[in-house]
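Observations on chain architecture
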Amino acid sequence: MGATVIVGTQWGDEGKGKFTDLLARDMTAVVRFQGGHNAGHTIVVEGESFALQLVPSGVLYPHITPVIGNGVVVDPGVLLRETAMLESKGVDTSKLRVSGNAHMIFPYHQSLDALQERHLGKNKLGTTKRGIGPSYADKSMRTGLRIQDLLDEKIFRQKLEVVLHQLNPVMARVYNKLGFDLEEITETFMNEYRPKIEPMVTDTISLVHEELEAGHEILLEGAQATFLDLDHGTYPYVTSSNPTAGGACVGSGVGPMYIDRVVGVAKAYITRVGAGPFPTELFDDVGDHIVDVGHEYGTNTGRRRRPGWFDCVMMRYARRVNSMTELAITKLDVLDDLDTIKVCVAYEHDGKRITDFPYHQSVLHNVTPVYEELPGWKTDLTGVTDRSELPMAAADYLSFVEEQCGVPVRLVGVGPGRKQVLDFAA
Ligand code: GDP
Ligand code: IMO
Ligand code: MG
């Protein structure tokens, strides 16, 4: 028994929340290990939809301890609004635990995120403007404030004063904006947030290791995805953390030897929100059809997601950098009406065929996808409950993907509901 990691294998929104919820049935704890409320993880249970940003997706089960790990950046106000939302829907959040080492997002991080995007003009990244990048930047600069700093007002003030001393002149001179007020922020964080956050603050390293040492299985829930990874993604069009499986160790405090399963979640096609290269992007009616049928608008920001065909070149890279043991393919049902379905098996660049994801950004920007075109199944899959009921063309599509990517497909989503999943290992 050990830890299972869930990672996004494309550019996010693959359905990680749904599969975390599904796998959490057999676990004791679910740990978010990176990112913050830039994530939007949707779980649909008996027609009711839960959109989670910070709280781990296992929270819907009473037996799960949901843990926000040290690698996450936490906006305490957002966290409290989310727990209040869950409580109002009858979900008990009293077991939620937050690492004292997780860094906090402050109002100035959010402002800086928006201002930096504005200054980039047409080169903007299309961030979620949640303050994620600026908060991780402070963490790297060693000027960030952690959740544990909430527990000591003197330390909190001292650290915040240092930050504002540097930040406020920048706000005034670079951005022509008012600075931030130490008293105002301290008042909100100490009086509004601290009393409610303090009971959640825990030594999450001991917590997860006690679970593992007791022989329990735990789940490490990734946000964002492999190609949004700060190191492995399409830099600079990435997020500021490591959503890949290695990040799961760093951001949760679980060493690599405990990880016995890495589930890569992939849509049966691809979407991307925000700017950046996307070799198989669709600009035609098929793309519009996928966006319509798949409701491809951000859970979090409401932005239209850019659609494209499934890309095996990307998936081979994702398999390698994550040590992926299996694939969970979601949204197969979204392709139900298509006559034919394209799958990218290689790229072409300067007359050469490339099967490995190019590390060089200018190569990636100029590749032409090489497609195999497979027949569609033209059947409604949303009521399929067993692998044996899949039409031949759908089964062939999955086998093709499996073979091209070199990783077994273990789970398949045929609808947003908790029960709309085929377990190929069952
Ligand atoms: P995450 O960020 O990876 O957790 O994914 P999101 O929740 O942002 O986006 C996935 C969307 O697809 C959500 O609205 C899910 O309810 C929905 N979804 C997940 N799996 C399936 C599936 O197999 N079929 C369909 N039609 N929708 C799905
Ligand atoms: P989940 O967990 C899709 C994208 C943003 C932008 C880039 C950087 O729901 O899959 P950031 O605000 O993180 O600095 O933005 O990353 N992005 C996501 N795209 N799903 C997400 O999360 C994302 N989180 C960030 O759109 O392109
Ligand atoms: Mg999402």
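Residues numbered from 1 in each chain as written. Chains lettered and ligands numbered in written order. Predicted model: local features only at pLDDT ≥ 70, side-chain atom pairs only at ≥ 80, totals over all residues. Heavy atoms only, no water.

**Focus: the overall build of the protein chain**
Quick note on the threshold: Runs of E in the DSSP output that reach at least two residues are strands. Runs of H or I that reach at least four are helices, and both are numbered from the N terminus. Restricting the calculation to C-alpha atoms gives the radius of gyration, and the globule rule supplies 2.2 Å times the number of residues raised to the power 0.38. Under the scheme applied here, a residue whose accessible area is under 20% of the maximum for its type counts as buried, over 50% as exposed, and between as partly exposed, the area being computed with a 1.4 Å probe on protein chains only. When checking whether two residues touch, look at their non-hydrogen atoms; a contact exists if any pair is within 4.5 Å. Each accessible area is a Shrake-Rupley estimate made with a 1.4 Å probe; only the visible protein chains count as cover when residues are assessed. His is not counted, nor are the chain ends; Lys and Arg add positive charge and Asp and Glu add negative charge. By convention, charge coordinates are those of NZ in Lys, CZ in Arg, CG in Asp, or CD in Glu.
What the protein chain contains, in helices and strands, is 12 helices and 20 strands. Here the protein chain has a C-alpha radius of gyration of 22 Å; the compact-globule value for 426 residues is 22 Å, and the two agree. For the protein chain, the spread of C-alpha atoms along the three principal axes comes to 65 × 50 × 40 Å. When the 426 residues of the protein chain are sorted by exposure, 57% land in the buried category. A separation of at least 24 residues holds for 76% of the contacts in the protein chain among residues at least 6 apart in sequence. Counting only carbon and sulfur atoms, one obtains 50% of the accessible surface of the protein chain, whose full area is about 17,900 Å². Across the protein chain, the centroid of the 42 positively charged side chains sits 5 Å from that of the 56 negatively charged ones.

**Regarding the site of ligand 2**
Put simply, the rule is: Residue proximity to a molecule or strand is established when one non-hydrogen atom of the residue lies within 4 Å of it. Polar contact is defined as a pair of N or O atoms within 3.5 Å, subject to the rule that within protein one atom must be able to donate a hydrogen and the other to accept it, and that residues adjacent in sequence are counted only when both atoms are side-chain atoms. Polar here means any residue outside two lists: the nonpolar Ala, Val, Leu, Ile, Met, Phe, Trp, Tyr, Cys and Pro, and the charged Asp, Glu, Lys and Arg; Gly therefore counts as polar.
With respect to spatial proximity, 20 residues lie near ligand 2, and among them Asp-13, Lys-16, His-41, Thr-128 and Thr-239 are the closest. Note that an oxygen atom of ligand 2 is positioned 2.9 Å from one of the backbone N or O atoms of Gly-40. One of the side-chain N or O atoms of His-41 is found 2.7 Å from an oxygen atom in ligand 2. Out of a free accessible area of 550 Å², ligand 2 has 97% covered by protein chains. Among the residues forming the shell around ligand 2, the class breakdown is 7 nonpolar, 10 polar and 3 charged.

**Notes on helix α10 (residues 312-322)**
Those residues of α10 that fall on the buried side of the exposure criterion are Cys-312, Val-313, Met-314, Met-315, Arg-316, Ala-318 and Asn-322. Its side-chain oxygen placed 2.9 Å from the backbone nitrogen of Val-313, Asp-311 serves as the N-cap of α10. Ser-323 lies just past α10 and shows a positive phi near 50°.

**What about the site of ligand 1?**
In the vicinity of ligand 1, 20 residues are found, and the nearest of them are Gly-15, Lys-16, Gly-40, Thr-42 and Asp-333. Between ligand 1 and Asp-333, the relevant distance is 2.7 Å, taken from a nitrogen atom to a side-chain nitrogen or oxygen of the residue. In isolation ligand 1 offers 580 Å² of accessible surface; the protein chains occlude 91% of this area.

**Some details on the coordination of the magnesium ion (ligand 3)**
For clarity, the cut-off: The donor set comprises N, O and S atoms within 2.8 Å of the metal, extended to 3.2 Å for Na, K and Ca; water molecules are omitted, so apparent gaps in a site may simply reflect that omission.
Distances from the magnesium ion (ligand 3) to its protein donors, Asp-13 (OD) and Gly-40 (O), fall within 2.0 to 2.2 Å. Note that Asp-13 is positioned in the loop between β1 (3-8) and α1 (16-24) and Gly-40 in the loop between β2 (29-32) and β3 (41-45), a separation of 27 residues in sequence. Owing to a relative accessible area of 24%, Asp-13 belongs among the partly exposed residues under this scheme.

**Considerations on helix α2 (residues 76-88)**
Counting along an α-helix, one turn takes 3.6 residues, and residues three or four places apart therefore face a common direction. The test is simple: Multiplying 1.5 Å by the residue count of a helix minus one yields the expected span of that helix.
Here α2 is 13 residues long and its end C-alpha atoms lie 18 Å apart, about the 18 Å a rise of 1.5 Å per residue gives. Along α2, the positions that sit buried rather than exposed are Pro-76, Gly-77, Val-78, Leu-79, Leu-80, Glu-82, Thr-83 and Leu-86. Elements that come into contact with the buried residues of α2 comprise β4 (48-52), β5 (65-68), β6 (73-74), β7 (97-99), β8 (103-104) and α6 (182-197). Of the residues that open α2, the one with a side-chain oxygen 3.0 Å from the backbone nitrogen of Gly-77 is Asp-75. Positioned one or two residues after α2, Gly-90 has a phi angle of 85°, which is positive.

**Digging into the pattern of salt bridges**
Note the following rule: Criterion for a salt bridge: a side-chain nitrogen of Lys or Arg within 4 Å of a carboxyl oxygen of Asp or Glu.
A complete count under the given rule lists 18 salt bridges for this structure. The salt bridge involving Arg-305 is made with Asp-13; its shortest N-O contact spans 3.0 Å. Of the two residues, Arg-305 is situated in the loop between α9 (285-293) and β13 (306-308) and Asp-13 in the loop between β1 and α1; the sequence distance between them amounts to 292 residues. Here Arg-304 and Asp-288 are joined by a salt bridge, their closest N and O atoms 2.8 Å apart. Residue Arg-304 is located in the loop between α9 and β13, and its partner Asp-288 is located in helix α9; the two are separated by 16 residues in the primary sequence. Arg-304 gets classed as partly exposed once you look at its relative accessible area, which sits at 40%.

**Topic: a positive patch on the surface**
For clarity, the threshold we go by: The patches reported here contain residues having more than 30% relative accessible area and no salt bridge. Joining distances are 9 Å for like charges and 5 Å for nonpolar side chains (Val, Leu, Ile, Met, Phe, Trp, Tyr).
Residues Arg-118, Lys-124, Lys-129 and Lys-177 make up a contiguous surface patch of positive charge. Mapped onto the fold, Lys-177 is located in the loop between α5 (153-173) and α6.

**Here's the deal with the nonpolar core**
Heads up, the condition is: We call a set of buried residues a nonpolar core when its members are Ala, Val, Leu, Ile, Met, Phe, Trp, Tyr or Cys and they connect through side-chain atoms within 4.5 Å of each other.
If you look at the biggest cluster of nonpolar residues, it comprises 70 residues, and the most contacted ones within it are Phe-310 and Tyr-397. Ranked by the residues each element gives to this core, the list is headed by helix α12 (residues 392-405), at 7 residues. Every residue in contact with Tyr-397, bar those within four places of it in the chain, is listed here: Ala-268, Phe-310, Leu-332, Leu-335, Ile-341, Val-343, Leu-374 and Trp-377.

**Side note on the packing of aromatic side chains**
We count it as follows: Ring pairs are drawn from Phe, Tyr and Trp, using the six-membered ring of Trp, whenever the two centres fall within 6.5 Å, and their geometry is named by plane angle: stacked under 30 degrees, edge-to-face over 60, tilted for the rest. Definition used: whenever NZ (Lys) or CZ (Arg) falls within 6 Å of the ring centre and also within 35 degrees of the ring normal, the charge is taken to sit over that ring.
Summed over the entire model, instances satisfying the criterion amount to 13 aromatic pairs. Ring centres 5.3 Å apart and planes at 5° place the aromatic pair Phe-106 and Tyr-108 in the stacked group. A single burial state applies to Phe-106 and to Tyr-108, both of which are buried. Through a chain of ring-to-ring contacts, three or more aromatic side chains come together here, namely Trp-11, Phe-227, Phe-278, Tyr-317, Tyr-347 and Phe-357. Taking the ring centre of Phe-50 as reference, the NZ or CZ of Lys-89 above it sits at 4.9 Å. The ring of Phe-424 carries the charged tip of Arg-387 above its face, separated from the ring centre by 4.0 Å.

**Structural notes on the sheet that holds β7**
Either a parallel or an antiparallel arrangement is found when strands of a sheet pair, and the pairing is made through backbone hydrogen bonds. Formally: When DSSP finds two or more bridges between a pair of strands, those strands are recorded as paired. Comment: axis = line fitted to C-alpha atoms, over the contacting stretch for helices; angle = value between 0 and 180 degrees taken between N-to-C directions.
Pairing is mixed across the open sheet formed by 10 strands, whose spatial order is β9-β7-β5-β2-β10-β1-β11-β15-β19-β20. With one partner strand each, in any of the chains shown, β9 (201-202) and β20 (421-423) form the two edges of the open sheet. As paired elements, β5 and β7 share 2 bridges and run parallel to each other. Residue pairing for β7: Val-67 is matched across the bridge by Arg-97. Packing against the sheet, helix α7 (residues 204-213) makes contact with β1, β2, β5, β7, β9 and β10 (218-221), and its axis sits at approximately 140° to β5.

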